[in-house]
Amino acid sequence: MSVEVYYDDDADLGLIQGRKVAVIGYGSQGHAHALSLRDSGVDVVIGLPAGSKSRPKAEEQGLRVLTPAEAAAEADVIMILAPDTAQRALYAEAIAPNLAPGKALFFGHGFNIRYGLITPPADVDVAMVAPKGPGHLVRRQYVDGKGVPCLVAVEQDASGTAFQLALSYAKGIGGTRAGAIRTTFTEETETDLFGEQAVLCGGAAALVQTGFEVLTEAGYAPEVAYFECLHELKLIVDLMYEGGIARMRYSVSDTAEYGDLSRGPRVIDSRVKEEMRKILGEIQSGEFAREWVAEDEAGRPNFAKWRAEGAAHPIEETGQKLRAMMSWVDRPITETA
Ligand SMILES: NC(=O)C1=CN([C@@H]2O[C@H](COP(=O)(O)OP(=O)(O)OC[C@H]3O[C@@H](n4cnc5c(N)ncnc54)[C@H](OP(=O)(O)O)[C@@H]3O)[C@@H](O)[C@H]2O)C=CC1
Ligand SMILES: CC[C@](O)(C(C)=O)C(=O)O
Ligand SMILES: [Mg+2]
Ligand SMILES: [Mg+2]
């Protein structure tokens, strides 16, 4: 199945420049969207609760910060970039009362629409601009004149121009420099959850930790194991990013390539593939969404425990020491650029 990919020349920045945009939330994605839209000449206001710790970060950047309800009331386009689990209550309390015909409700991920946690009225546009990358890199790439690809979708086209408006927004954050793909809320939500669970975050982190454990438990130095299993992974993935798996295989030694071809499928075997299919099934059926919403409502006990266990893994201590010697690696995370 072929998809439509849109680039800068396909998008009219003037559409979003002609609207007032409320960015609700100023975290990883929120700061990137808000600052890049502003730098693209868009009138932006930030919506954050009164006691939010993000408020000073946005204000330091000269952005106007209101409550979510005030920002939603002022804006023509309301982009929700609060945590997925906070969006249902946020929408009911602050956004829904401030929607009116002609306004547009935007999302950075389809979770709340796909799983029926938010049901907007029929007279507003409902669209999504979902960058395929972490917010801090969305901003960094924009500043560097590059862009992170985006998925763009329209759930409800009350105005008849929702897609063009979403594409214009994507241009404002640098997405159409790299390419914006037209998709649906369902496809974005299900593939995004699958990607982060099985490959990008869950799969990659477990692979790195397990490789580190096997080497250190066999008596090898943690520093050697760290460089081998974590640091070098970025350099290997950089080659895949630039030219696919083929370019990585071109650059590594024939010995590495033979080991890759003969041993890789033993690590990621049919059992792993079957588990990936199960994970996808839990996403498609809504089981994962129900579990995550219930976990959040219970105060996130498992999330907190697993996060603490991850932070206490020996690879973190080893990495901290080694990265301290590499000023170009330990780049601080900021909500400015
Ligand atoms: N992280 C990423 O790179 C990506 C995220 N997305 C999607 O973007 C959305 C935002 O995620 P992400 O940027 O990670 O979120 P973060 O957790 O990084 O930031 C959330 C922001 O929302 C604020 N916030 C929390 N509760 C509320 C509320 N009730 N009302 C208004 N603001 C609130 C937080 O303020 P405070 O500082 O006070 O907590 C913070 O500024 C999600 O839908 C996510 O799936 C999509 C692609 C990638
Ligand atoms: C890979 C994780 C992600 O989907 C992202 C940065 O794209 C997220 O939800 O943060
Ligand atoms: Mg993602
Ligand atoms: Mg995601």
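Reading the values: rules and limits
Residues numbered from 1 in each chain as written. Chains lettered and ligands numbered in written order. Predicted model: local features only at pLDDT ≥ 70, side-chain atom pairs only at ≥ 80, totals over all residues. Heavy atoms only, no water. UniProt positions renumbered as here; feature names shortened; annotations may be inferred. Helix = DSSP H or I, 4+ residues; strand = E, 2+ residues; numbered from the N terminus. Buried < 20%, exposed > 50% of the residue type's maximum accessible area, 1.4 Å probe, protein only. Near = heavy atom within 4 Å. Polar contact = N/O pair within 3.5 Å; in protein donor to acceptor, adjacent residues only side chain to side chain. Areas by Shrake-Rupley, 256 points an atom, 1.4 Å probe, with all protein chains shown as cover. Nonpolar A, V, L, I, M, F, W, Y, C, P; charged D, E, K, R; others polar.

If you check an unreviewed UniProt entry, the protein appears there as Ketol-acid reductoisomerase (NADP(+)) from Micromonospora kangleipakensis. The Sequence similarities (unreviewed entry) comment attached to the protein in UniProt states, word for word, "Belongs to the ketol-acid reductoisomerase family."

Those places that UniProt annotates as "binding site: substrate" (unreviewed entry) correspond, in this numbering, to Ser253. Structurally, Ser253 is set in the loop between α12 (222-251) and α13 (254-267). Here Ser253 falls in the partly exposed class, since its relative accessible area comes to 41%.

Turning our attention to the site of ligand 2. By nearness alone, every residue bordering ligand 2 is listed as Gly133, Pro134, Asp192, Glu196, Leu200 and Cys201. In this structure, Asp192 approaches ligand 2 through a side-chain N or O atom, which is 3.1 Å from an oxygen atom. The side chain of Glu196 places a nitrogen or oxygen atom 2.6 Å from an oxygen atom of ligand 2. With the chains in place, 63% of the 290 Å² that ligand 2 exposes on its own is no longer accessible. The class makeup of the residues in the shell around ligand 2 is 3 nonpolar, 1 polar and 2 charged.

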